[in-house]
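Below, each chain spelled out in residue letters.
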Amino acid sequence: MSMMDTSLPVADLVPHRGTMSWLDRILSVDTERVVAEADIAEDSLFLRDGQLAAWIGIEYMAQAIAAWAGQRARREGRAITLGFLVGTRRYDVFRQSFKAGECLRIEANCELMADNGLGMFACRILVGGELAASANLSVFEPPEGGAFMDSKKGETS
């Protein structure tokens, strides 16, 4: 399927807000793939000495997946809800950090999305056209979103 451009603001697709909203642009999104960008600003959360540790890339990947899920919800006429990062396999990094002033291009391809809300995405981050990180992320989008969260209130581990 070809990519369709979107002019939707990140906030219209991703439930993250304030300092926890890290994507700056959604470049394209379709039924199988999302491409987003994030600018590493001087005031980015977790920035230390002008750098973000490479492990932070997992959250950028997860937020790109959230944008994909948000667009899917909109297309299906559903409300955008929270999803969960369940796990990561093979998070390979090819640099130790991301630097202030850099633009991250985050790509996520849906490999599987089951009816029960479990999904698997092949993700990568590029900086200046060079591969900086790649991973497979497992995610869970509860079928009833907010109702799922409400049902967990008061439960203890």
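Data block above holds the structure.
Residues numbered from 1 in each chain as written. Predicted model: local features only at pLDDT ≥ 70, side-chain atom pairs only at ≥ 80, totals over all residues. Heavy atoms only, no water.

Caption draft 1: Inspection of the overall build of the protein at higher detail. Scanning the protein for helices and strands turns up 2 helices and 9 strands. The long-range fraction of contacts in the protein, counting pairs at least 24 apart against all pairs at least 6 apart in sequence, stands at 65%. Per element, the accessible surface of the protein, about 8,600 Å² overall, is 52% carbon and sulfur. (Helix = DSSP H or I, 4+ residues; strand = E, 2+ residues; numbered from the N terminus. Contact = heavy atoms within 4.5 Å. Areas by Shrake-Rupley, 256 points an atom, 1.4 Å probe, with all protein chains shown as cover.)

Caption draft 2: Fine view of the environment of Glu-141. Tracing the backbone through its elements, the reader meets Glu-141 in the loop between strand 9 (130–140) and helix 2 (146–152). Overall, the relative accessible area of 10% leaves Glu-141 in the buried class. Along the primary structure Glu-141 and Asp-115 are separated by 26 residues, whereas in three dimensions their C-alpha atoms are 9.8 Å apart. Sequence-distant contacts of Glu-141, defined by excluding residues within four places in its chain, comprise Ala-69, Arg-72, Arg-78, Thr-81, Gly-83, Asn-116 and Gly-117. Polar contacts involving the side chain of Glu-141 include one to the side chain of Arg-72, which spans 2.4 Å. (Buried < 20%, exposed > 50% of the residue type's maximum accessible area, 1.4 Å probe, protein only. Polar contact = N/O pair within 3.5 Å; in protein donor to acceptor, adjacent residues only side chain to side chain.)

Caption draft 3: Structural context of the side chain of Ser-97. Its location among the elements puts Ser-97 in strand 6 (residues 97–99). For Ser-97, a relative accessible area of 7% gives the class buried. For Ser-97, the side chain forms a polar contact with the side chain of Gln-51, separated by 2.4 Å. Sequence-distant contacts of Ser-97, defined by excluding residues within four places in its chain, comprise Gln-51, Leu-52, Ala-53 and Ala-54.

Caption draft 4: Broad picture of a nonpolar patch on the surface. Nonpolar side chains collect at one region of the surface, where Met-20, Leu-45, Phe-46 and Trp-55 lie side by side and expose about 390 Å² of accessible area between them. Relative to the helices and strands, Met-20 is located in the loop between strand 1 (4–5) and strand 2 (25–29). (Patch = residues over 30% accessible without salt bridge, like charges linked within 9 Å, V, L, I, M, F, W, Y side chains within 5 Å. Salt bridge = Lys/Arg side-chain N within 4 Å of Asp/Glu carboxyl O.)

Caption draft 5: Representation of the nonpolar core in the model. Ranked by internal contacts, the top residues of the largest apolar core, which has 36 residues, are Leu-23, Ile-26, Tyr-60, Ile-106 and Ile-125. At the level of secondary structure, the elements contributing two or more residues to this core comprise strand 2, strand 3 (33–39), helix 1 (57–75), strand 7 (103–113), strand 8 (118–127) and strand 9. The greatest single-element share of this core, amounting to 9 residues, is contributed by helix 1. Residues in contact with Ile-106, not counting those within four places in the same chain, are Leu-23, Val-34, Val-35, Ala-36, Glu-37, Ala-38, Tyr-60, Met-61, Ala-64, Arg-124 and Ile-125. (Core = buried A, V, L, I, M, F, W, Y, C linked by side-chain atoms within 4.5 Å.)

Caption draft 6: View of the environment of Phe-121. Looking at where Phe-121 falls in the secondary structure, it is placed in strand 8. With relative accessibility at 0%, the residue Phe-121 sits in the buried group. Residues Phe-121 and Arg-33 lie 88 residues apart in sequence; the distance between their C-alpha atoms is 9.1 Å. Residues contacting Phe-121, with those up to four places away along its chain left out, are Ile-65, Trp-68, Ala-108, Asn-109, Cys-110, Glu-111, Met-113, Ala-135, Asn-136, Leu-137 and Val-139.

Caption draft 7: Structural view of the pairing of strand 3. The element strand 3 is largely enclosed, with a buried count of 5 among its 7 residues. Direction of pairing for strand 2 relative to strand 3: antiparallel, over a ladder of 4 bridges. Bridge pairing in strand 3 links Ser-28 to Val-35. In this antiparallel pair of consecutive strands, strand 2 and strand 3, the connection spans 3 residues. Bridge count between strand 3 and strand 7: 7 bridges; the pairing is antiparallel. Bridge pairing in strand 7 links Ala-36 to Ile-106. (Pairing = 2+ DSSP bridges.)

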